[in-house]
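# Structural overview for review
Here's the letter readout for the chains.
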Amino acid sequence: MTTAVQDALDLDAPWALHPQVALRPESFGALLYHFGTRKLSFLKNRTIVAIIESLPEHSDMRSAIAAAGITESQSAPYVKALATLADSSMITRP
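Bringing the packing of aromatic side chains into the picture now. Enumeration over the complete set of coordinates arrives at two aromatic pairs. Centroid distance Phe28 to Phe42: 6.2 Å. Interplanar angle 45°. Geometry classified as tilted. With Phe28 in the loop between β2 (21-26) and β3 (29-34) and Phe42 in strand β4 (residues 40-43), the pair connects residues that are 14 residues apart, well separated along the chain. For Phe28, a relative accessible area of 34% corresponds to the partly exposed category. Each ring, one from Tyr33 and one from Phe35, has its centre 4.8 Å from the other, and the planes form 85°; the classification is edge-to-face. For Tyr33, a relative accessible area of 27% gives the class partly exposed.

In structure tokens:
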């Protein structure tokens with residue numbers, strides 16, 4: 001993933017699971033399936049799953065990350081993962 005993709009993830013904007021994406025919790029994390037693109041993603045980090053599931057409860061991505069207990073200094077890998085999900089249309093701006 002390029003820095004441009006990561007920078008395109010506006011942390012101060014609301015985000016949501018894409019309407020055509022199903023999230024299925026699993027023991028290892030979760031599966032995401034996009035019915036439009038038929039893309040399947042494996043999430044092996046339960047914190048990312050918690051952030052995605054909490055998106056509707058927060059006014060922006062930054063708040064969802066903070067609510068998961070992630071500090072600003074710890075957020076880089078999570079932002080990168082979320083940017084990858086945004087780039088693949090698994091999450092979207094409503």
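End to end, helix α4 (residues 76-87) covers 16 Å across 12 residues, agreeing with the expected 16 Å (1.5 Å per residue, within 8%). If you check which residues of α4 are buried, you get Tyr78, Val79, Leu82, Ala83 and Leu85. Angular distribution of buried residues about the axis of α4 spans 160°; they occupy a single face of the element. In this structure, α4 carries Pro77 and Asp87 as exposed residues pointing more than 90 degrees from its buried face. Following α4 by one or two positions, Ser89 has its phi on the positive side, about 65°.

Where a protein is soluble and globular, its nonpolar side chains tend to be buried together. Counting residues in hydrophobic clusters, the biggest one holds 24 residues, and the most contacted among them are Met61, Leu82 and Leu85. At the level of elements, β3, α2 (46-54), α3 (61-67) and α4 are the ones that each hand at least two residues to this core. Among the elements that line this core, the one with the most residues is α4, at five residues. Among residues more than four places away in sequence, those in contact with Leu82 are Leu9, Ile48, Ile51, Ile52, Met61, Ile65 and Ile91.

Here we take up the pairing of β3. Burial within β3 is extensive, with five of its six residues counted as buried. Direction of pairing for β2 relative to β3: antiparallel, over a ladder of six bridges. Pairing of Ala22 across the sheet is with Tyr33, part of β3. Hairpin connection from β2 to β3: two residues lie between these consecutive antiparallel strands. As paired strands, β3 and β4 are joined by four bridges and run antiparallel to one another. Following the sheet pairing, Leu32 is matched in β4 by Ser41. The turn linking β3 back onto β4 is made up of five residues, and Arg38 within it adopts a positive phi angle of 65°.

A few words on the pattern of salt bridges. For the structure on display, the rule yields three salt bridges. Here Asp12 makes a salt bridge to Arg62, at a shortest N to O gap of 2.8 Å. Separated by 50 residues along the polypeptide, Asp12 in the loop between α1 (3-8) and β1 (16-17) and Arg62 in helix α3 bring together distant segments of the chain. For Arg62, a relative accessible area of 33% corresponds to the partly exposed category. Across the pair Glu72 and Arg62 runs a salt bridge whose closest N-O atoms are separated by 3.5 Å. In this pair, Glu72 is assigned in the loop between α3 and α4 and Arg62 in helix α3, connecting sequence segments 10 residues apart. When its relative accessible area of 57% is taken as the criterion, Glu72 is described as exposed. Several salt bridges share partner residues, and in doing so they unite Asp12, Arg62 and Glu72 into one network.

Definitions and limits used
- Residues numbered from 1 in each chain as written.
- Predicted model: local features only at pLDDT ≥ 70, side-chain atom pairs only at ≥ 80, totals over all residues.
- Heavy atoms only, no water.
- Phe/Tyr/Trp six-rings, centres within 6.5 Å; stacked < 30°, edge-to-face > 60°.
- Helix = DSSP H or I, 4+ residues; strand = E, 2+ residues; numbered from the N terminus.
- Buried < 20%, exposed > 50% of the residue type's maximum accessible area, 1.4 Å probe, protein only.
- Expected span 1.5 Å × (residues − 1).
- Arc of directions from axis to C-beta.
- Core = buried A, V, L, I, M, F, W, Y, C linked by side-chain atoms within 4.5 Å.
- Contact = heavy atoms within 4.5 Å.
- Pairing = 2+ DSSP bridges.
- Salt bridge = Lys/Arg side-chain N within 4 Å of Asp/Glu carboxyl O.

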